[in-house]
Amino acid sequence: MDISIERLQVTDVEGLYNFELENRAFFEEMVPTRGDDYYNPEIFKRRHEALLEEQVQGGSYFYLIKDKDSSILGRINLVDIDEFHKIGHLGYRVGQAYTGKGIANKALKLLIEKVTDEDIKQIKAKTTTNNIASQRVLEKNGFEIIATSSEEFEMKGQKLSFVYYALTIPSC
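## Considerations on the packing of aromatic side chains
Note on aromatic pairs: each is described by the distance of the centres and the angle between the planes.
Item 1. Following the criterion strictly, the structure yields six aromatic pairs and no others.
Item 2. Here the aromatic rings of Phe 162 and Tyr 164 are separated by 6.3 Å at their centres, their planes lie at 50°, and the arrangement is tilted.
Item 3. A relative accessible area of 23% means that Phe 162 is categorised as partly exposed.
Item 4. Overall, Tyr 164 belongs to the partly exposed group, its relative accessible area being 29%.
Item 5. Among the aromatic residues, those joined into a ring-pair cluster are Tyr 17, Tyr 38, Tyr 39 and Phe 44.
Item 6. Across the ring face of Phe 27, the terminal group of Arg 93 is positioned such that the distance to the ring centre comes to 4.2 Å.

Given below as structure tokens:
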């Protein structure tokens, strides 16, 4: 499947809200809930505006993963960018209907290309110990495990911990 990643824009708010709402239960199987307020349309809109402002300020890069028809398949973001050290933290999610199709892998490749142009030197990521699919995506794209947390937390009755990854982007 051909995909692209496009910077988050003001006009994406309705499509993104629908995407998040449709995939809420699926996402909450792997990551802690964002809470009911997140899905209130007015609060979502205000949060969307705040993300756009953060992007303008250079603190984060937010992208939507889209197909050739501009349907939203997922999100991929580089957040909490340390401008001095040129380090950003990765986050991504792919809608339930699009998992297992290599979309996260392709989107991450595209993101790495884009942030290399933005002078990012390292990308850090974390995933839960039960999220094997996400670990595979990271490792396929050159990320290496740097640590596994010894602290456990419970989610949906399962004891989990975080696995931390990093990718150092070679200088051109």
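## Some points on the side chain of Glu 28
Item 1. Summarising the element assignment, Glu 28 is placed in the loop between helix 2 (24–27) and helix 3 (41–57).
Item 2. Dropping the residues within four chain positions of it, Glu 28 is found in contact with Thr 33, Arg 34, Tyr 39 and Lys 156.

## Notes on the packing of helix 1 (residues 13–22) against helix 3
Between two packed helices, what matters for the description is the angle formed by their axes and the separation of those axes.
Item 1. Contact pair helix 1 / helix 3: the axes reach a minimum separation of 10 Å and the direction vectors enclose 120°. One way to sum up the angle between helix 1 and helix 3 is to call them oblique. In terms of crossing hand, the pair formed by helix 1 and helix 3 is right-handed. Within the contact between the two elements, helix 1 uses Val 13, Leu 16, Tyr 17 and Glu 20 and helix 3 uses Pro 41, Phe 44, Lys 45 and His 48.
Item 2. Looking at the contact of helix 1 with helix 3 residue by residue, the classes come out as five nonpolar, one polar and two charged.

## Points about the pattern of salt bridges
Item 1. Across all of its chains, the model carries 11 salt bridges by this definition.
Item 2. The closest approach of N and O atoms between Arg 24 and Glu 28, which form a salt bridge, is 2.9 Å.
Item 3. By relative accessible area, which is 16% here, Glu 28 ends up buried.
Item 4. A salt bridge links Asp 36 to Arg 24, with the nearest nitrogen and oxygen atoms 2.6 Å apart. Here the residue Asp 36 occupies a position in the loop between helix 2 and helix 3, and Arg 24 occupies one in helix 2, the gap between them amounting to 12 residues.
Item 5. Here the salt bridges share partners, and the residues they tie into one network are Glu 20, Arg 34, Arg 75 and Arg 93.

## Looking at the environment of Asp 69
Item 1. Summarising the element assignment, Asp 69 is placed in the loop between strand 2 (61–67) and strand 3 (72–82).
Item 2. Taking the C-alpha atoms as reference points, Asp 69 and Ile 3, separated by 66 residues in sequence, lie 9.4 Å from one another.

## Examining helix 4 (residues 103–117)
At 3.6 residues per turn, the α-helix brings residues three or four places apart onto the same side.
Item 1. Counted at 1.5 Å a residue, the expected span for helix 4 with its 15 residues is 21 Å, and the 22 Å between its end C-alpha atoms agrees.
Item 2. The complete set of buried residues in helix 4 reads Ile 103, Ala 104, Asn 105, Ala 107, Leu 108, Leu 111, Ile 112 and Val 115.

## As for the nonpolar core
Item 1. Grouped together as the largest cluster of nonpolar side chains are 28 residues, with contacts concentrated most on Ile 65, Ile 76, Leu 90, Leu 108, Ile 123 and Phe 143.
Item 2. Among the secondary structure elements, those contributing two or more residues to this core are strand 1 (3–7), strand 2, strand 3, strand 4 (87–94), helix 4, strand 5 (122–128), helix 5 (132–140) and strand 9 (162–168).
Item 3. No other element matches helix 4, which puts seven residues into this core.
Item 4. In contact with Ile 76, other than residues within four places in its own chain, are Ile 5, Tyr 61, Phe 62, Tyr 63, Ile 65, Leu 90, Gly 91, Tyr 92, Ala 107, Leu 108 and Leu 111.
Item 5. Counting residues in each nonpolar core, the second largest holds 13 residues, with Tyr 17, Phe 44, Leu 64 and Ile 72 among its members.

The rules we used
Residues numbered from 1 in each chain as written. Predicted model: local features only at pLDDT ≥ 70, side-chain atom pairs only at ≥ 80, totals over all residues. Heavy atoms only, no water. Phe/Tyr/Trp six-rings, centres within 6.5 Å; stacked < 30°, edge-to-face > 60°. Buried < 20%, exposed > 50% of the residue type's maximum accessible area, 1.4 Å probe, protein only. Lys NZ or Arg CZ within 6 Å of the ring centre and 35° of its normal. Helix = DSSP H or I, 4+ residues; strand = E, 2+ residues; numbered from the N terminus. Contact = heavy atoms within 4.5 Å. Axes fitted to C-alpha atoms, helices over the stretch in contact; angles between N-to-C directions. Parallel < 35°, antiparallel > 145°, perpendicular 65-115°, else oblique. Left-handed = near helix turned anticlockwise from the far one by under 90°. Nonpolar A, V, L, I, M, F, W, Y, C, P; charged D, E, K, R; others polar. Salt bridge = Lys/Arg side-chain N within 4 Å of Asp/Glu carboxyl O. Expected span 1.5 Å × (residues − 1). Core = buried A, V, L, I, M, F, W, Y, C linked by side-chain atoms within 4.5 Å.

Read these as spatial facts, not as claims about activity.
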